[in-house]
Amino acid sequence: MENVKLQGFKTFLTEHFTALAVEVYGEVESMMEACYEENKRLKSMLHMVLSPEIKLSRIDASLYKTTTTTTRKQPVAASGLETSEPLNKRPKEEMIECEINWNTEQQQWPGQVENFNVSVSVKDDPEEEEDKTTCLTEMPSEVALQHQDSSATVSACDNGSEREGWSSPEGNEATHASLQVLKKDSMSVNQQTNRETTSTNKSKFPLQKTMLQMPRMMLHKSFSLSRVDQQSFLDRLSEAFRDFPDDQKPLITTVGLKLDGEWTECAFGQVPKGSPLSYQCPLPSSQDFKPYDDAPSQPLLPLSCHTLEAASVFPTLSAQEQAFVNAMKVTWEEAHSLEQSTRGSREGADKLLKMRLTGRFRDICKLKPGRSHAEHLLYKIKKGKPRSKTAQINVEMKPEAVREYCRHLCVNWSPCGLVVHPSAPWLGAIPDGLVYDPKETSSFGLVHIQLLNVKSFIECPFLTCKNGVLLVKRAHQHYWHMQGEMMVTGTPWCDLVMHSREDMLVQRIYRDEAIIKLMKKKLEEFFFYYYLPNLI
């Protein structure tokens, strides 16, 4: 009997110590991740300071033309020796850390020097290889063969004329005409290659643009007085400056302000009607979220025109797992009804959220192989975000951030509920809202509010500056989370609102089909092989 109790006590201690060790390991790992991100940000800033990007200007080809032309017009030496055409001297290249690709042959004619295609790629931070874009382009095989043929033909003609020792005007004109034809062909091929390269780069890297970047208006409650005290203050102020010239009196004593006029409510309380505070700081209202009265009705999410491919990874499920998956399936009407019924009530959708993958999309897609890594990620998902005082303050500040976003960007905002796509019911999303922007080609998109506990959005670790433009890092979890929400809802864009203490930034992110395709496959694998067995 004592052995049984001892064995049970040992089991009890083992389970509790194991759970404690896993929790401690999770906290340590989260701290290490935060330290790694901060170290990565500081390293990137140090790299930008020590190794700034240097833009190379295009080489002036007129110098080479003039030198070559004057050399060709020199007469033959009297001694009978032939003067060979001097080779084009290349300018001395500066020692700059970059990669240069010359898309021409080594031997070039003077008329073709201006067709040099110089592609430069300044090396970025090695820690950000995922975000690195390379602008080096290779010449197609047809273009290379054409250059080789043209070079061989022209050199053959030149060698023949040199061997004969004479040159005729007709021959020079024919050679010049052939060179002009080759020049035009080369220019057309280069333009076509540049267009193809530009279109490839545009399709490879999705567009994102800055919609709003401005300081915030900080509201501070003023000391309010009664109307009697205010009238007394104005009388004493006017009496004090009565003998002063009009151009030296304070403005408040010359406008004839009367406190017995009409008053109105503002964010600071009652103020005289028509005063700057009455229209600069009005009372918050529902009209702040919908400046467009003639906007079309809010579409039902997920969009019916958006379809997802069927699950490519579908392992053999047990009877219990199959019944669980069947219970999750919804029709289009049920999905729209679910989204409408859960608007503004996240607590009512908690049970439905736990059945589906609704976050940590980047962590799932970047999961290392191995059962232990998957179990640790499952523990993080099950634990959820810690409920702290800061999280509660963020929830209370979100409406104010949305109000400023709608007011300054002039867009309509509507709340969203739990969105589930019928083709992938094991995935879900609760966006921060649906946005109507008539200035966009596709008028409806999403919004993701990120409240920052920093002085300015410049201190955000997930922002980077390239060529003077602020961009959201494609490797950051916010970027992947917005792409996951766009995948489930079917919307074409999502605004990331970064709301700091002193300013705000709105970055519009468009759909990244490459990431969405990879994400869907990885999420399905994780759900069926790890998440679903853990739910049962």
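See the structure shown above.
Rules behind the numbers
- Residues numbered from 1 in each chain as written.
- Predicted model: local features only at pLDDT ≥ 70, side-chain atom pairs only at ≥ 80, totals over all residues.
- Heavy atoms only, no water.
- Helix = DSSP H or I, 4+ residues; strand = E, 2+ residues; numbered from the N terminus.
- Expected span 1.5 Å × (residues − 1).
- Buried < 20%, exposed > 50% of the residue type's maximum accessible area, 1.4 Å probe, protein only.
- Contact = heavy atoms within 4.5 Å.
- Pairing = 2+ DSSP bridges.
- Axes fitted to C-alpha atoms, helices over the stretch in contact; angles between N-to-C directions.
- Parallel < 35°, antiparallel > 145°, perpendicular 65-115°, else oblique.
- Nonpolar A, V, L, I, M, F, W, Y, C, P; charged D, E, K, R; others polar.
- Phe/Tyr/Trp six-rings, centres within 6.5 Å; stacked < 30°, edge-to-face > 60°.
- Lys NZ or Arg CZ within 6 Å of the ring centre and 35° of its normal.
- Salt bridge = Lys/Arg side-chain N within 4 Å of Asp/Glu carboxyl O.

Between the first and last C-alpha of helix H11 (residues 371-383) there are 18 Å, a value that for 13 residues agrees with the 18 Å anticipated at 1.5 Å per step. Every buried residue of H11 is accounted for by Ala-374, His-376, Leu-377, Leu-378 and Lys-380. Buried residues along H11 sit in contact with helix H1 (2-50), helix H10 (361-365) and helix H14 (513-535). Phi turns positive one or two residues past the end of H11, at Gly-384, with a value near 75°.

Okay, the pairing of strand E14 (residues 503-510) next. When you tally the buried positions in E14, you get 8 out of 8 residues, the bulk of the element. Along E14, one buried face is formed by Asp-503, Leu-505, Gln-507 and Ile-509 and the opposite face, lined by Met-504, Val-506, Arg-508 and Tyr-510, is buried too. Where strand E3 (residues 208-215) lies against E14, 7 bridges are found, and the strand directions are antiparallel. Directly across from Gln-208, in E14, lies its bridge partner Ile-509. Hairpin geometry of strand E13 (residues 493-499) and E14 is characterised by an intervening segment of 3 residues between the two adjacent antiparallel strands.

One can describe the packing of helix H13 (residues 477-489) onto H14 by two numbers: an axis separation of 10 Å at closest approach and a directional angle of 85°. Considered as vectors, H13 and H14 are oriented roughly perpendicular to each other. On the side of H13, the interface is formed by Tyr-479, Trp-480, Gln-483, Gly-484 and Met-487, while H14 contributes Ile-515, Ile-516, Leu-518, Met-519, Lys-520 and Leu-523. Of the residues assigned to the contact of H13 with H14, the class counts are 8 nonpolar, 2 polar and 1 charged.

A few words now on the packing of aromatic side chains. Here the structure, examined in full by the defined rule, presents 9 aromatic pairs. Ring geometry for Tyr-436 against Phe-444: centres 5.2 Å apart, planes inclined by 45°, an arrangement best described as tilted. For the pair Phe-527 and Phe-528, a centre-to-centre distance of 5.2 Å together with 85° between the ring planes defines the contact as edge-to-face. Across this residue pair, the class does not change: Phe-527 and Phe-528 are buried. Every member of this aromatic cluster is reached through a ring pair, and the members are Trp-426, Phe-527, Phe-528 and Tyr-531. A cation over an aromatic ring shows up here: Arg-508 above the ring of Trp-493, its NZ or CZ 3.9 Å from the ring centre.

On to the pattern of salt bridges. In the structure shown here, the tally under the stated rule is 20 salt bridges. The partner of Lys-520 in a salt bridge is Glu-524, and the shortest N-O contact between them spans 2.3 Å. Placement of both Lys-520 and Glu-524 in helix H14 is noted, with a separation of 4 residues, approximately one turn of the helix. In this pair, the class of Lys-520 matches that of Glu-524, namely buried. Where salt bridges share partners, they join Lys-209, Asp-437, Lys-439, Glu-440, Asp-495 and Arg-508 into one cluster.

Turning our attention to the side chain of His-476. Mapped onto the elements, His-476 comes out in the loop between strand E12 (469-472) and H13. For His-476, a relative accessible area of 14% translates into the label buried. Apart from residues lying up to four places away in sequence, His-476 is in contact with Arg-362 and Phe-462.

Cis geometry marks the peptide bond from Leu-301 to Pro-302; its omega dihedral reads 0°. Structurally, Pro-302 can be placed in the loop between helix H6 (276-280) and helix H7 (319-328). Look at Arg-360: it is not a glycine, yet its phi comes out positive at around 55°. The residue Arg-360 is located in the loop between helix H9 (350-354) and H10 in this model.

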